[in-house]
Each structure stands twice: as structure tokens, then as C-alpha cells.
Amino acid sequence: MKKIFLMLLAFMPIAMMAQNAKFGHIDTQSIMQSMPEFIKARGELEAEQKQYENELQEMQKELQTKVEKYEKEKATMNATMQQTTEQSLQDMYQKIQQTYQDNQQKIQKASQEKMMPITTKIQNAIKAVGKAGGYVYIMDISAGIPYISETLSKDVSADVKAELNKMK
């Protein structure tokens, strides 16, 4: 009995603290999408991606034209010329594939470079709100948390937006 009483005394401060703990939640995706920095970065990335797509389309058109020309002239070519032309077409195709992969890597790198300062800024704002408000946790509902009690957790989105405005 004495052990149970001591255990209850040991856990009572934790239970009391849990009752007074403050929890918050936020949807960082919706906040990020409303930030001017994000809108600008997204526009720049879309423009860059469109440029890469246009380059690839031009390369594909050139390849298609050369393939069509080859198909028309193939019957009049000797075996060596056919083999040389086919190798040239294969090389062009591989170059298109490599360009596509390179462009994907460039877009990914550019996205990381443009988004990193934005996500860091949001994280710093969340930390500032958490410290100022005495929160134990601020959970990101855009990360897929299926349920958050509105009575036990406060939506701190407005507070984070205000903090972000102070950081400008």
C-alpha cells in the first residue's frame, strides 16, 4: 500500500503538469502558400521548369524530324551510312534522356535552395510563438495528424502569421 501511495505521489506532478500543458496546432502548408516569398519562388520554379520543357520539346522535334528524314532516305543509303545515321539518332535520343534527368536534378536543387529559407523562417516563427506562449507542442496538421482536439489544442496559425510579419 505504501508503494502505491509513493507511486501516486511521484506521478501526481506529471499529471498536474499535463493538465496545465498548452498544446497548439498549425497547418504550415496553408501558411507557406500565403507567403509572398513562397509565391515568388513557386513562380520562378515554374518558369524555370517551363524553359526546360521547351528545350526538351525542341530537342524531341529535331529528333523526330531526323528520324522521319532517315526513314525516307533509308532505302537509298548503304549499310555503313544507315549504321552511322542510326547511331547518330540513338546518340540524340540518349542526349534527350540525359538532358531530362539533368533538368529534373536542377529543378530539385533550385526548389530546395528557394524553399529552405522559407521553411526555416516558418520554423523560427513557430518556435518563437511556442516559447512566447508557453506551448509544450505545436503540431503540424499538414503532416497528416488525423485528429486534434479543438478544446485541448489551440490553432496558432494567426500567431505564427503575425510572427512572420514581424520578421520581414
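Quick note: structure is the one above.
Because the structure is predicted, anything quoted here is derived from the model rather than measured. (Residues numbered from 1 in each chain as written. Predicted model: local features only at pLDDT ≥ 70, side-chain atom pairs only at ≥ 80, totals over all residues. Heavy atoms only, no water.)

Peer 1: Lay out the environment of phenylalanine 38 with the relevant residues and their values.
Peer 2: One can find phenylalanine 38 in helix α3 (residues 36-73). When sequence neighbours within four positions are dropped, the list of residues in contact with phenylalanine 38 reads Met32, Gln33, Met115 and Ile118. (Helix = DSSP H or I, 4+ residues; strand = E, 2+ residues; numbered from the N terminus. Contact = heavy atoms within 4.5 Å.)

Peer 1: Kindly report on the pattern of salt bridges, identifying the contributing residues and their values.
Peer 2: Where charged atoms from two side chains of opposite charge come close, those side chains can pair. Per the stated rule, a full pass over the model turns up eight salt bridges. In this structure, the salt-bridge partner of glutamate 58 is lysine 61, at a minimum N-O distance of 3.9 Å. Of this pair, glutamate 58 and lysine 61 both sit in helix α3, three residues apart, roughly one helical turn. Between aspartate 159 and lysine 154 there is a salt bridge; the shortest N-O distance is 3.2 Å. (Salt bridge = Lys/Arg side-chain N within 4 Å of Asp/Glu carboxyl O.)

Peer 1: Describe in detail the nonpolar core, supporting the description with residues and values.
Peer 2: Ile118, Ile122, Val160 and Leu164 are the most contacted members of the largest nonpolar core, which has 18 residues in total. Among the elements that make up this core, the one with the highest residue count is helix α4 (residues 79-133) (seven residues). For isoleucine 122, the contacting residues outside a window of four places in its chain are Thr28, Met32, Met35 and Leu164. Counting residues in hydrophobic clusters, the runner-up holds eight residues, among them Leu63, Tyr70, Met92 and Ile96. (Core = buried A, V, L, I, M, F, W, Y, C linked by side-chain atoms within 4.5 Å. Buried < 20%, exposed > 50% of the residue type's maximum accessible area, 1.4 Å probe, protein only.)

Peer 1: Could you give me a rundown of the pairing of strand β1 (residues 22-26), with the residues and numbers involved?
Peer 2: Where β1 lies against strand β2 (residues 135-140), five bridges are found, and the strand directions are parallel. For histidine 25, the partnering residue across the bridge sits in β2 and is methionine 139. The sheet contact formed by β1 and strand β3 (residues 153-155) spans three bridges and is parallel. Looking at the pairing, histidine 25 lines up with aspartate 155 of β3. (Pairing = 2+ DSSP bridges.)

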